[in-house]
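Chains, contacts and geometry: an overview
Residue-level listing of the chains:
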Amino acid sequence: MSTVLRIILQRLALGLLTLVIVSIVIFAAVNSLPGDFAQAILGQAATPEAVAAIRTQIGLDDPPVTRYMLWLYGAVQGDLGISFAQANFTTFTGSSNNVTVADQIAPRFANTMFLAGVTAAIAVPLAVTLGILAALYRNSVFDRAANIFTLSSISSPEFFVAYVLILFLAVLNPILPSLSNIYADMAMGARLKATLLPALTLTLVVTAHMMRMTRAAIINLLASPYIEMARLKGISPLRVILRHALPNALAPIINVIALNLAYLITGVVVVEVVFVYPGIGQLFVDSVKIRDIPVVQACCLIFAAAYILLNLTADILSILSNPRLRHPK
Amino acid sequence: MSVWLWIVLAFVGMGVLAWVGRRVGQMATSNAPRFRDMPYGVAFGYVFAAACILGGIWLWFLPGAVFFRWAVQGFVLFAIAAFVFRLVFRHVGTAATKRLFRAMPLTAAFGILVIIIYAVLAIFAGAIAPYGQSEILGAANVVPGGDPAMGGNPLYPLGTDQIGRDILSRLIYGAQNTVGIAFVTTLIAFFLGGSLGFLAATVGGWLDQLLSRAVDVLMAIPSLIFSLLLMTIASVWADGEKALLTVYMILIIAVIDSTRVFRLARAVGTGIVVMDYIEAARLRGEGMGWIVFREILPNAMAPLLAEFGLRFCFVFLTIASLSFLGVGIQPPLADWGTMVRDLGPFINFAAFAPLVATAPLMAAGAIALLTVAVNFVVDWMLQKSSGLKE
Amino acid sequence: MSRLLTISDIYLEGRSEEVWQPIINGVSLTLDKGEVLGLIGESGAGKSTLGLAAMGFVRDGVRIKSGTVNFDGTELTTASAETKRGLLGKRIAYVAQSAAASFNPAHRLIDQHIEAPVQHRVRSRSESIQDGMDLYARLRLPDPDHIGFRYPHQVSGGQLQRAMTAMAMACRPDLIIFDEPTTALDVTTQIEVLAAIREIVEQFGTAAIYITHDLAVVAQMADRIKVLLKGDEVEEADTRTMLSTPKEDYTKSLWAVRGFTRPVKPPVPAGQTPLVSIQGVTAAYGKAKVLEDVSFDIPSGRTVAVVGESGSGKSTAARCITGLLPPVEGQILFDGAPLPATYKKRSKDQLRQVQMIYQMADTALNPRMSIGQIIARPVQFYMGLRGSALRNRVNDLLNQIELPPEQYAHRLPSELSGGQKQRVGIARALAAEPRMIICDEVTSALDQLVAEGILRLLAKLQDELGLAYMFITHDLATVRAIADSVVVMKDGRVVEQGTKEEVFNPPHHPYTDLLLSSVPEMDPDWLDNLLSSRGVDNIGDEAADKISVES
């Protein structure tokens, strides 16, 4: 067991290191901005006093390394700074009740997680089942139809799928709302209904990916000599699948799921914009448009962290399910 | 919730029908192997397929389902076109292309046909499009069809957009802009990622380590997120210069995408480098140039070409998404992502006049159609090369 | 004796490139209870497909076109899946070529062992485990009470193969199909698996179909032998008749392969500088030492065979000579002068003098270059020939390897057979006009007849051009055929070296003795004699482990 533990610790350390380096990359990218971006935020008409106030407030006078350290130190503690939009607002009004980036992100982050959760709950079982079926009945009509359908689904941009669904399920047949109006204390049923259309959009795209990958993994597995051996022992087909294929298929399937959940993170941005879903993706895009650097930086870090975490989970789970590592010589 | 109940009931019904059907088949044929050894899943599949076909026929005759009929008609039309296209090229052309088309599945023929159509549209956009891409012609009128009785204008077959530009012309110019930019971006990504990947594979050692770790870090940031971040910064640098911003976008996406190309090129490269014929060339005393260009590259072409198709789709979708989000290709250049963003809200009026949904769906569909086509071709190429290995 | 299995006039087809190609064309066979039938043929003869069809099983992309398979009264070609499942594993069992791939990596050996008896309700779980341990003991697996609780990757190849035989025996089947069970094993390991299989098959009176390409192996195992060629039956007879008086030409040619030998060359004159001299070479991959203090000479114009089992370091020695793996200690002399340790520092002429031919001709030739281009490159590179001079030289080389230039020069490697590809590899080496060629297992991936052709070609070229060969092989029959002197290696050290006569005739070093005596011979009594001389408990790699190489 110690070898496995050692490898897992190594992977964890590597993941952490990657995250730190990624944070440096994000920070460095943002700090490559030309000139004085306090000026850029406030526009040409800003008074020098306002610019100076912003500079000190967001610490632009410190050297980059110090600023990075402070930012990282803050980020670890959940303090992601104050958004420029807010800073701008407060300098004009003179008030001091700043809404921090963390305050802005937290509720939206929860909303996004809800959307991703609903999507995963539909997509994962559906995709894995369909993928296994396609692998079992490979080269059949079903498999070929599924191949064409999934390829088309992967190829379509998320907004195409989204608008088609809106057209059919919200406009022509008003079953679901076309805009996701989510607010803080909504009833679970209403919330689910408002989330369903964006979740379905993401499901269509992610399921296609996941199903193809599951199919490939299972086909690869079914070609192994030990599956043939099991069949030649006269074992029933169900038992061949459950006892001989499944334990070995677990690692590839888990990998597929984690990879696609990571893919969800990217897909969520576009879908949230289409449905005006109040999640972190929409906030990100809005902040990008008004160049609200602290928010962009924070969102980027959260997306990257989630992405790294998912890949890390996949990595660790596949290590755990490998008998060669679990039972060393 | 009654919708869900119906769906569940329908599935249960099909399940029962499948079991009964198989049983009847077994009894009627006195246990012929076809029915005797039929797994339940297959029986269910037959019933399910029959249900889908019946449902399709029902939808076809439903008066409100305009888009469904269009979709089916379009599907059949394209299938026939692809079939004819394949049939023609089985008899026209060199011996090699004839052989190629003889073993080609219909999906791949469809893909090639679509790619050719797009290429022609993109290259000759100026000659084909009836109006200029930024010409403001009249009042906004998104009703397509050009039938005045339905509210359309015969001068503009697909209508005019929200500030009165001809939608058809913009769709055609969109092919030039969106596809052209995506193509250039992919080329740059390939040049960058491919050369570095092969270099890492052949040289190995610390250079390989350095490049691979750098790529690992860049790949740890989701690509759309990373490009949005960099586009924010680029927009400050470009300072309102729209052409410059487009150039930045090309470079940013090319660099981000080159990491994926690097991974593949390196993997393919290391796979080839361990081959004995590379060892033989090294022991002969061959230089790096010969080894890379004569021994490795020709053998890496097939997977690289397939990857080029996939990368192109990915870049194309990324650019479309960025444009859709408003930070990609900048107006007044016509491009499909922006068109979907601008015309998308009209879909909400489709309840009153279904046809107004046509324009945004066509722009989005244009994107989807090309990526589907490329994916079909790539899928065929991959299957062909993996089939050769067996 | 009563009839167990009757296959009559069976036609099998396989799907490739969307059309059905014949694999087996109307072969019939019968098998009585307790009888062992040997199926022999070269690669592509369809023997594995036929073996599986005897179980009523076809792989994906294969179908039974016509014919019948009758197992003890049950017609398997039309039986329901359920009926077949009831027979498979219980009355008909299978032993696959690669035990490592055929055991499920996720379960312990014993759990896989008891699956068939428990599922077929032959025995209870605990009885099956007890029986498994008993079978492991009968098959002479070390520590039979505990070895079953290991995972497949924790057990060696030869032991896994015996564990798979035990698994096939779990339900005491009437018929076992052995599909090349020892092909992937070293000779010393092969012996113990063969002995174990034969012993247990005899004990339980099990009928068996033994599929192999190795005549000498099948001679030990089978009562009757059937020879297949490209899906057709060539002939069938009981083992002794078949070995002594084969009827068909194809069978005779198979038997004759082992007859190839070369006349003994006069001894190398004393004091002549050897062409290549390996002096005290020690080499390592990272920290793992793979060669220790290896020294031997390769005289000009002679063949030195380097013999050993997998992991003995024989290929590593070649990598040291070519400069791919610089030695940690020691040096390589060429014509008396030391060669730079790494190939990167050697001159073009030094590189030209030593050429290499690889085991896998598939990976040794660039698949995107034509045969002409492959052979032309060294000519162009070293001799600087161009135009018609280059073309003529390439044609000469193609003629030397007996491939007509007008037919072959423009072809790609994928359009050639395995033996032809290996000939192209030889031509590429010759093109550099070297003084020595390293042949790394050049015949082991080839069928016997083809391999013999390659050996004859190499011998002819040596006589014509005065080449020196370093011939790396694990096959002692090849050594007998072609070598002038022999170097025996084990665990990275040289165990014994000398002229062929010295090494092949007693007194031997104990390891050489083990190696020599483990090579199966065509005599059907060979295995019996060997077992009685060595004792059943002292065969195979356990015996090899007892031999110290330090002496």
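Procedures and definitions
- Residues numbered from 1 in each chain as written.
- Chains lettered and ligands numbered in written order.
- Predicted model: local features only at pLDDT ≥ 70, side-chain atom pairs only at ≥ 80, totals over all residues.
- Heavy atoms only, no water.
- Helix = DSSP H or I, 4+ residues; strand = E, 2+ residues; numbered from the N terminus.
- Buried < 20%, exposed > 50% of the residue type's maximum accessible area, 1.4 Å probe, protein only.
- Contact = heavy atoms within 4.5 Å.
- Areas by Shrake-Rupley, 256 points an atom, 1.4 Å probe, with all protein chains shown as cover.
- Lys, Arg positive; Asp, Glu negative; His and termini not counted.
- Charge placed at Lys NZ, Arg CZ, Asp CG, Glu CD.
- Buried area = accessible area lost by both parts, 1.4 Å probe.
- Salt bridge = Lys/Arg side-chain N within 4 Å of Asp/Glu carboxyl O.
- Polar contact = N/O pair within 3.5 Å; in protein donor to acceptor, adjacent residues only side chain to side chain.
- Pairing = 2+ DSSP bridges.
- Patch = residues over 30% accessible without salt bridge, like charges linked within 9 Å, V, L, I, M, F, W, Y side chains within 5 Å.
- Axes fitted to C-alpha atoms, helices over the stretch in contact; angles between N-to-C directions.
- Parallel < 35°, antiparallel > 145°, perpendicular 65-115°, else oblique.
- Left-handed = near helix turned anticlockwise from the far one by under 90°.
- Domains from an automatic or database assignment.
- Phe/Tyr/Trp six-rings, centres within 6.5 Å; stacked < 30°, edge-to-face > 60°.
- Disulfide = S-S within 2.5 Å.

In this section: the overall build of chain A. When you go through chain A residue by residue, the secondary structure sums to 14 helices and zero strands. Shown N-terminal to C-terminal, the secondary structure of chain A runs as helices and strands in the order α-α-α-α-α-α-α-α-α-α-α-α-α-α. Within chain A, the proportion of its 329 residues that are buried is 49%. Contacts in chain A between residues at least 24 apart in sequence constitute 73% of all its contacts with a sequence separation of at least 6. Total accessible area on chain A stands at roughly 14700 Å², and carbon and sulfur atoms take up 68% of it.

Within chain C, the regular secondary structure consists of 24 helices and 20 strands. Overall, chain C is about 70 × 55 × 45 Å in size when its C-alpha atoms are taken along their principal axes. Taking all 551 residues of chain C together, the buried fraction comes to 57%. If you take every contact in chain C between residues at least 6 apart in sequence, the share linking residues at least 24 apart comes to 69%. Only carbon and sulfur atoms are counted for the fraction: they give 48% of the accessible area of chain C, which is about 21900 Å². Between the mean site of the 58 positive side-chain charges and the mean site of the 69 negative ones, chain C shows a separation of 6 Å.

Here we come to the interface of chain C and chain B. With 24 residues of chain C at the interface, the matching set in chain B holds 17 residues. A combined buried area of about 1900 Å² lies between chain C and chain B, and 56% of that area is made up of carbon and sulfur atoms. The closest approach of N and O atoms between R319(C) and E279(B), which form a salt bridge, is 3.8 Å. Here chain C and chain B share 10 residue pairs in polar contact (both at pLDDT 80 or more) between them. Secondary structure elements with two or more residues in the side of chain C that touches chain B: α12 (314-322), α14 (361-364) and α15 (371-383) of chain C.

What follows concerns the pairing of strand β14 (residues 329-334) of chain C. Residue and element names in this part refer to chain C. Judged from the five bridges that link them, strand β11 (residues 276-285) and β14 form a sheet pairing that is antiparallel. Along β14, the bridge assignment pairs Q279 with Q331. Here β14 pairs with strand β15 (residues 337-338) via two bridges, running antiparallel. Looking at the pairing, F334 lines up with A337 of β15. Two successive antiparallel strands, β14 and β15, enclose a turn made up of two residues, where D335 displays a positive phi of approximately 55°.

Our focus in this paragraph is the interface of chain A and chain B. In this complex, chain A contributes 50 residues to the contact, which on the side of chain B involves 47 residues. For the chain A and chain B pair, buried surface summed over both sides reaches about 4300 Å², with 82% attributable to carbon and sulfur atoms. Looking at the side of chain A facing chain B, the largest losses of area belong to S155(A), F159(A) and Y163(A), adding up to 14% of the total buried there. For R212(A), the salt bridge is made with D379(B), and the minimal N-O distance between the two is 3.3 Å. One can count four residue pairs in polar contact (both at pLDDT 80 or more) joining chain A with chain B.

The subject of this paragraph is a nonpolar patch on the surface. Among the surface-exposed residues, F75(B), V76(B), I80(B), F83(B), V84(B), L87(B), V88(B), F89(B), V92(B) and L106(B) lie close enough to one another that they form a single nonpolar patch of about 860 Å² accessible area. Position of L106(B) relative to the elements: it lies in helix α6 (residues 106-123).

A few words now on the sheet that holds strand β1 (residues 3-16) of chain C. To summarise the sheet geometry, strands pair through backbone hydrogen bonds and adopt either a parallel or an antiparallel arrangement. All names here are of chain C. Spatial strand order, β2-β1-β4-β5: four strands in an open sheet with antiparallel pairing. Each edge of the open sheet carries a strand with a single partner, namely β2 (19-32) and β5 (74-75). For β1 and strand β4 (residues 62-71), the ladder comprises eight bridges, and the chain directions are antiparallel. Bridging across to β4, S8 finds its partner in T68.

What follows is about the packing of helix α6 (residues 101-136) of chain A against helix α11 (residues 237-274) of chain A. Residue and element names in this part refer to chain A. Where α6 contacts α11, the axes come no closer than 9 Å and their chain directions differ by 140°. Judged by the angle between their axes, α6 and α11 are oblique. Considering how the two elements wind past one another, α6 and α11 form a crossing that is right-handed. Between α6, through T112, L115, A116, T119, A120, V124, V128 and L136, and α11, the contact on the second element is made entirely by I241, I253, I257, L261, L264, V268 and E272.

The next subject is the pattern of salt bridges. All names here are of chain C. Applying the stated rule across the entire model yields 42 salt bridges over all chains. The salt bridge involving D335 is made with R435; its shortest N-O contact spans 2.8 Å. Remark: R435 occurs in the loop between α18 (418-431) and β17 (436-440) and D335 occurs in the loop between β14 and β15; sequence separation between them is 100 residues. According to the relative accessible area criterion, R435 is partly exposed, its value standing at 32%. Taken together, the shared-partner salt bridges connect E35, R224, K226, E233 and E236 into one network.

This part is about the domain arrangement of chain A. How big an interface is tends to be stated in terms of the accessible area lost upon association of its parts. Residues and elements named next belong to chain A. Per the domain assignment, the segments of chain A are domain 1 (3-101) and domain 2 (113-326). With 24 residues of domain 1 in contact, the opposing surface of domain 2 contributes 20 residues. The junction of domain 1 with domain 2 conceals about 1900 Å² of combined surface from both sides, 83% of it contributed by carbon and sulfur atoms. Looking at the side of domain 1 facing domain 2, the largest losses of area belong to V4, R11 and I26, adding up to 25% of the total buried there. Our count for the contact surface shared by domain 1 and domain 2 stands at one salt bridge. Its salt-bridge partner being R11, residue D315 comes within 3.0 Å of it at the nearest N-O pair. Along the contact surface separating domain 1 from domain 2 lie one residue pair in polar contact (both at pLDDT 80 or more). The set of elements that each furnish at least two residues to the side of domain 1 that touches domain 2 consists of α1 (2-31), α4 (64-76) and α5 (84-93).

Here we take up the packing of aromatic side chains. Any aromatic ring pair is given by two values, namely how distant the centres are and how the planes are angled relative to each other. All names here are of chain B. Within the structure shown, the criterion is met by 22 aromatic pairs over all chains. Consider the rings of F78 and F110, whose centres lie 5.6 Å apart with planes at 90°: the pair is edge-to-face. On the criterion of sequence distance, the pair formed by F78 in helix α4 (residues 66-91) and F110 in helix α6 is long-range, its members being 32 residues apart. By relative accessible area, which is 29% here, F78 ends up partly exposed. For the pair F183 and F312, a centre-to-centre distance of 6.5 Å together with 65° between the ring planes defines the contact as edge-to-face. Taken as a pair, F183 in helix α8 (residues 167-203) and F312 in helix α13 (residues 288-325) lie far apart in primary sequence, 129 residues in all.

To continue, consider helix α12 (residues 276-284) of chain B. Residue and element names in this part refer to chain B. Burial analysis of α12 places eight of its nine residues in the buried class, the great majority of the element. Of the residues making up α12, those classed as buried are D276, Y277, I278, E279, A280, A281, L283 and R284. Count one or two residues on from α12 and you reach G285, which has phi positive near 100°.

Residues and elements named next belong to chain A. Evaluated as defined, the whole model comprises zero disulfides over all chains. Free cysteine C299: the closest other cysteine sulfur is in C300, separated by 8.1 Å. Relative accessible area serves as the criterion here: at 0%, C299 is assigned to the buried category.

This paragraph deals with the environment of V4(A). Residue and element names in this part refer to chain A. With respect to the helices and strands, V4 occurs in helix α1. Looking at V4, the relative accessible area reads 1%, which means it is buried. Separated by 305 residues in sequence, V4 and L309 place their C-alpha atoms 19 Å apart. If near-sequence neighbours (up to four positions away) are discounted, V4 is found in contact with I319, L320, L325 and R326.

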